[in-house]
Amino acid sequence: MSAPNAAGRLDRLPASRFLWTCLVLISLGVFWDTYMLYSIGPLSSAFVKAQHQEQLATRIPTALFLGTFIGAVLLGRIADRIGRARAFTLNLTVLAIGACVAALVPVNFLLLLAIFVAGIGTGAEIPLSVTYVQELAPSARRGRLSSLMLAIGFLGGTTGGIIAAAMAEVSGGFRIGLLIAAAGALITIGLRLWVPESPRWLERGGRHAEAEAVLRRIESAVQRGIGAERLPEPAPPPAVPEARTVSTMTLLKPAYLRRTLSAWLIELCQGFGSYGFTTFVPVMLYARGYDLVHAVGYTALIQLSYPAGTLLSSFITDRIPRKWGMAAFYTLNVGIGIGFYFAGTDWLVVLCGFLTSMLIFIDGPLLHTYEAEIYPTELRGRGAGTSFSISRLGGFLAPLAASAIIASLGVEAAGPYLIVIAAASWLACALFAALLAVDTSTRSLERLAEPEAVS
């Protein structure tokens, strides 16, 4: 049968309960990803102190970030081969297994290995979720819907911060936190079975009958939800290149090289600065004289900025070019991040920490939307996943750098160096966005698939 024109039929659909339900269910994977990422630092800090194994305080987050780097590379590639829905199930299954095993094993190498496995499961979740929302959403609302999905998903980071604060003095709180992640991932797998496969992915793979069936299901659900007798006529199918077999090396071919370099360099620097800042806020606060429990409590308050930032991003991302939005907000991050370190009162510490993290999560949706939309459908999963893996590489390198600084200078003297490194990373992000990133605003995914479409 002929191609079902997924782009034209999806782009003309109005907002509906069906689309919002898909968005919420997709966001649950991001929820458990961010839960792990932003609770593992404070949870493990309290846990290893109680176990008198302080040397593991940086190794546990490092094992997680190393796993997320591997997972983003490997599982992002798999999503282009087996589809978005099956890749989601695979991701969360690996997360659940790793978290469950980590909660049960002794405090030794097996714990680090299990945390590493859990990281593999979380690695590709954000780029995969953004990719899927983009492939369902109308082009004009693509950025906003991606940001709203992330706003819901990043509530996992807030939840993780609150649980970390509550469990800081509870015996076995670290293990309880991991079991919560394992159970949540398994429940999410069951709920996500309701979400259909991406019709764009099916169409580009030549599976036209399956794409047609999914599109009819979506159209029928939308029509019932809005109470319309008929939907608007779709636009004619866009003229896009024929689907082709691509490899990961396609990312580095001349047609996509600028796009790839812009995404990779921004991701590396923001991962180093942002994940480093978030993971080691307790260390910096402890160096300022706060005890561990108060440091973890401040971290939980600061983590309320995660959904706030992504929610604000949803009102921004489709209104301004994404490249200039990233350049502006990363620049703001530099100043407020430095202000966090020099804050002299409790309320100013929390305010600057909140604003710094909020800006990180305003930029995040802009960047994650950008890195998915710059590639064609058959390359989008591995393109977004590989770009995001560079961020996780930055997150992996950040605790290594912090560990070396702390070991060399001591906890009390390490704070200024940690925040200066983060600020320099955000400044580099702003420069790469302004000088290298391409303009993608409001163009359809199929139009963006043409290398000459943007400059």
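See above for the structure.
Rules and cut-offs
Residues numbered from 1 in each chain as written. Predicted model: local features only at pLDDT ≥ 70, side-chain atom pairs only at ≥ 80, totals over all residues. Heavy atoms only, no water. Salt bridge = Lys/Arg side-chain N within 4 Å of Asp/Glu carboxyl O. Helix = DSSP H or I, 4+ residues; strand = E, 2+ residues; numbered from the N terminus. Buried < 20%, exposed > 50% of the residue type's maximum accessible area, 1.4 Å probe, protein only. Disulfide = S-S within 2.5 Å. Contact = heavy atoms within 4.5 Å. Expected span 1.5 Å × (residues − 1). Axes fitted to C-alpha atoms, helices over the stretch in contact; angles between N-to-C directions. Parallel < 35°, antiparallel > 145°, perpendicular 65-115°, else oblique. Left-handed = near helix turned anticlockwise from the far one by under 90°. Nonpolar A, V, L, I, M, F, W, Y, C, P; charged D, E, K, R; others polar.

Asker: Before we move on, can you summarise the pattern of salt bridges with the specific residues and values?
Answerer: Side-chain pairing between opposite charges can occur once the charged atoms of the two side chains come close. Under the counting rule described, the total for this entry stands at 14 salt bridges. When the shortest N-O distance is used, the salt bridge between Arg 380 and Glu 135 registers 2.8 Å. Of this pair, Arg 380 sits in helix α18 (residues 377-409) while Glu 135 sits in helix α6 (residues 125-136), placing them 245 residues apart in sequence. For Arg 380, a relative accessible area of 0% gives the class buried. Residues Glu 378 and Arg 204 are paired through a salt bridge, measuring 3.0 Å at the closest nitrogen-oxygen approach. Of this pair, Glu 378 sits in helix α18 while Arg 204 sits in helix α10 (residues 199-204), and the two are 174 residues apart along the sequence. As far as burial versus exposure is concerned, Glu 378 and Arg 204 are alike and both buried.

Asker: Can you tell me about the state of the cysteines, naming the residues and giving the values?
Answerer: Enumeration according to the criterion identifies zero disulfides in this entry. Note on Cys 429: no disulfide assigned, nearest cysteine sulfur contributed by Cys 269 at a separation of 5.0 Å. The class of Cys 429 is buried, set by a relative accessible area of 0%.

Asker: So what about the side chain of Thr 356? Which residues, and what values?
Answerer: Assignment of secondary structure puts Thr 356 in helix α17 (residues 346-373). Setting aside residues up to four positions removed in sequence, Thr 356 forms contacts with Phe 277, Asn 333, Ile 336, Gly 337, Phe 340 and Trp 426.

Asker: Outline unusual backbone geometry, supporting the account with residue identities and numerical values.
Answerer: At Asn 5, a position not held by glycine, the phi torsion is positive, near 60°. Positionally, Asn 5 belongs in the segment before α1 (6-11). With relative accessibility at 11%, the residue Asn 5 sits in the buried group.

Asker: Describe α6, naming the residues involved and giving the relevant values.
Answerer: The end-to-end C-alpha distance of α6 is 17 Å, a good match for the 16 Å that twelve residues give at a rise of 1.5 Å each. Summarising burial for α6: twelve of the twelve residues are buried, a large majority. Every buried residue of α6 is accounted for by Glu 125, Ile 126, Pro 127, Leu 128, Ser 129, Val 130, Thr 131, Tyr 132, Val 133, Gln 134, Glu 135 and Leu 136.

Asker: Describe the environment of Ile 26, with residues and values.
Answerer: With respect to the helices and strands, Ile 26 occurs in helix α2 (residues 17-50). Owing to a relative accessible area of 1%, Ile 26 belongs among the buried residues under this scheme. Every residue in contact with Ile 26, bar those within four places of it in the chain, is listed here: Phe 88, Ser 129, Tyr 132, Val 133, Leu 136, Met 149, Arg 192 and Val 195.

Asker: Hey, could you go over the packing of helix α4 (residues 84-104) against helix α9 (residues 173-192) for me, with residue numbers and the actual values?
Answerer: Relative orientation of the contacting elements α4 and α9 amounts to 155°, with a least axis distance of 8 Å. Between α4 and α9, the interaxial angle falls into the category roughly antiparallel. Both α4 and α9 take part in a crossing whose hand is left-handed. In this structure, α4 uses Phe 88, Thr 89, Leu 92, Thr 93, Leu 95, Ala 96, Ala 99, Cys 100, Ala 102, Ala 103 and Leu 104 to contact α9, whose residues at the interface are Arg 175, Leu 178, Leu 179, Ala 181, Ala 182, Ala 185, Leu 186, Thr 188, Ile 189 and Arg 192. Residues of the contact of α4 with α9, tallied by class, amount to 16 nonpolar, three polar and two charged.

Asker: I'd love a proper account of the packing of helix α16 (residues 322-342) against α17, names of residues and values included.
Answerer: Between α16 and α17, the shortest axis-to-axis distance is 9 Å and the interhelical angle comes to 155°. As summarised for this structure, α16 and α17 are arranged roughly antiparallel, according to the angle between their axes. The hand of the α16/α17 crossing is left-handed. The residue inventory of the contact of α16 with α17, partitioned by class, reads 15 nonpolar, seven polar and three charged.

Asker: Describe the environment of Met 167, and please don't skip the residues or the numbers.
Answerer: Take Met 167: it is sitting in helix α8 (residues 155-167). Assessed through its relative accessible area of 19%, Met 167 is described here as buried. Residue contacts for Met 167: discarding those within four places in its chain leaves Leu 43, Gly 173 and Ile 176.

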